[in-house]
Amino acid sequence: MTATLTQLPHAPQLYWNAALSAMRRPGALKTLPPLSLRLSGVRTEATRLADYCALCGLTPGAVLPITFPQVAVSGLHMALMTRPKFPLPLLGLVHVSNRITQVRPIPVEAVYDAEVRIGECREVRAGLEFDLLTDIEVDGELAWSAVTTIIHRRPSSPTRAGAKRGEQAIPPSLAQYEHFVAAADTGRRYAAVSGDYNPIHLHAWSARLFGFPRAIAHGMWSVARCLGALEAQHPAPAQTLDVQFKQPLLLPGRVTLKWVAVSDHRLAFTLMSPGNGKVHLTGTLR
């Protein structure tokens, strides 16, 4: 049964619950309970949207950017995963891919309902992988949906049972490119608009506690920043976005976005570090 909320728990409570989830011991868990959570009457905060667009290089308009609903309901994701019946610790979960489908653009002034639920769960070589399914309805009709794929990593060897995640091939020739800089404070600025205050994104000292030499950029900021750079290539609202996150982007960092049109309405793109060729993400936009 889906629980319905009229407002999200306050952020300090969510993060306290996330910290307490470190005590969970899932062991060799192979499946997750079919949890779901619904939030009604969501409104877009004009200031938050403006700050988001400015940070990601997106042009504000009459409809929401295709990535913004993911930000707007990220607290609902956390609320679901901090519920007592969710068995995994939140710290250490890794966001590996996102698939967004926009059935119709969402007007900025729209009031909508959001539902998030646990989807398919599977064992892979890195551990236990599962999908968070998010639907957004406007006036009772589906307008936007997303599949957010997450891995709970386990200490394992390459011979661990389970299928290896499929890799999306990077196009052999990405003819167009653009350089941009991810500033040192990008993680803190994005946290302020997204509500994602994971310490790996905020400061070098807090990221080092989790094994990173410096703070790393939020994956969804990197995607949105790519979309901002690609706006001139797709003037109409995007319908689908597929992205696979590869290697973390350390802050500060200089990156190169490369893209190519693979059909009249579809772009393939990749974000990489120009010095060492490290790929941070790949994706397609329709």
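Residues numbered from 1 in each chain as written. Predicted model: local features only at pLDDT ≥ 70, side-chain atom pairs only at ≥ 80, totals over all residues. Heavy atoms only, no water.

Before going further, it helps to spend a moment on the packing of aromatic side chains. Scanning the model with the defined rule gives four aromatic pairs in all. Centroid distance Tyr52 to Phe68: 5.2 Å. Interplanar angle 70°. Geometry classified as edge-to-face. Here the residue Tyr52 occupies a position in helix 2 (residues 46-56), and Phe68 occupies one in helix 3 (residues 68-72), the gap between them amounting to 16 residues. Judged by relative accessible area, which is 0%, Tyr52 ranks as buried. (Phe/Tyr/Trp six-rings, centres within 6.5 Å; stacked < 30°, edge-to-face > 60°. Helix = DSSP H or I, 4+ residues; strand = E, 2+ residues; numbered from the N terminus. Buried < 20%, exposed > 50% of the residue type's maximum accessible area, 1.4 Å probe, protein only.)

Note on placement: Gly57 falls in the loop between helix 2 and helix 3. With residues up to four places along the chain from it excluded, the contact list for Gly57 reads Gly228 and Glu231. (Contact = heavy atoms within 4.5 Å.)

Between helix 2 and helix 7 (residues 219-230), the least distance of the axes is 8 Å, while the angle of their chain directions is 75°. As the angle between them shows, helix 2 and helix 7 are arranged roughly perpendicular. Taken together, the residues of helix 7 that come into contact with helix 2 (itself represented by Tyr52, Leu55 and Cys56) are Trp221, Ala224, Arg225 and Gly228. For the contact of helix 2 with helix 7, the class distribution of residues is five nonpolar, one polar and one charged. (Axes fitted to C-alpha atoms, helices over the stretch in contact; angles between N-to-C directions. Parallel < 35°, antiparallel > 145°, perpendicular 65-115°, else oblique. Nonpolar A, V, L, I, M, F, W, Y, C, P; charged D, E, K, R; others polar.)

Among the surface-exposed residues, Leu91, Trp205, Leu209 and Phe210 lie close enough to one another that they form a single nonpolar patch of about 460 Å² accessible area. Within the secondary structure, Leu91 sits in the loop between helix 4 (74-81) and strand 3 (93-102). Here Leu91 falls in the partly exposed class, since its relative accessible area comes to 40%. (Patch = residues over 30% accessible without salt bridge, like charges linked within 9 Å, V, L, I, M, F, W, Y side chains within 5 Å. Areas by Shrake-Rupley, 256 points an atom, 1.4 Å probe, with all protein chains shown as cover. Salt bridge = Lys/Arg side-chain N within 4 Å of Asp/Glu carboxyl O.)

As a further point, take the confidence of the model for the protein. When the pLDDT values of the protein are averaged, the result is 86; 92% of them are 70 or greater. Note that pLDDT drops below 50 for residues 157-170; the model gives that stretch 28 contacts with residues more than four away or on any other chain. (pLDDT = per-residue confidence, 0-100.)

Turning to the side chain of Glu115, a few remarks are in order. Among the structural elements, Glu115 can be located in strand 4 (residues 111-124). With relative accessibility at 17%, the residue Glu115 sits in the buried group. Within the structure, the side chain of Glu115 is placed 3.1 Å from the side chain of Arg38, a separation counted as a polar contact. Setting aside residues no more than four positions away along its own chain, Glu115 makes contact with Thr2, Leu37, Arg38, Leu76, Leu133, Thr134 and Asp135. (Polar contact = N/O pair within 3.5 Å; in protein donor to acceptor, adjacent residues only side chain to side chain.)

On the basis of which strands lie adjacent, the open sheet formed by eleven strands has the order 1-2-4-5-6-3-8-11-10-9-7 and mixed pairing. A strand with exactly one partner marks an edge of an open sheet, and here the two such strands are strand 1 (3-5) and strand 7 (176-182). Between one strand axis and the next, the sheet turns by 20° as a mean value, whatever way the strands run. With nine bridges joining them, strand 3 and strand 6 (residues 141-153) adopt antiparallel strand pairing. Bridge pairing links Asn98 to Thr148 in strand 6. Across the face of the sheet, helix 4 comes into contact with strand 1, strand 2 (36-43), strand 3, strand 4, strand 5 (127-138) and strand 6 while running at roughly 50° to strand 4. (Pairing = 2+ DSSP bridges.)

Take the pattern of salt bridges next. Scanning all chains against the criterion turns up nine salt bridges. Notably, a salt bridge pairs Arg38 with Glu115, separated by 3.1 Å at the nearest N-O pair. With Arg38 in strand 2 and Glu115 in strand 4, this pair connects stretches of sequence that are 77 residues apart. Glu115 shares its class with Arg38; the two are buried. Across the pair Glu129 and Arg122 runs a salt bridge whose closest N-O atoms are separated by 2.5 Å. Glu129 gets classed as buried once you look at its relative accessible area, which sits at 2%.

In this section: the pairing of strand 8 (residues 240-245). Burial runs high along strand 8: five of the six residues are buried. Bridge count for strand 3 against strand 8 is five bridges, and the pairing is antiparallel. By the bridge assignment for strand 8, Asn98 is matched with Val243. Relative to strand 11 (residues 279-285), strand 8 is paired through five bridges, and the arrangement is antiparallel. The partner of Phe245 across the bridge, within strand 11, is Leu281.

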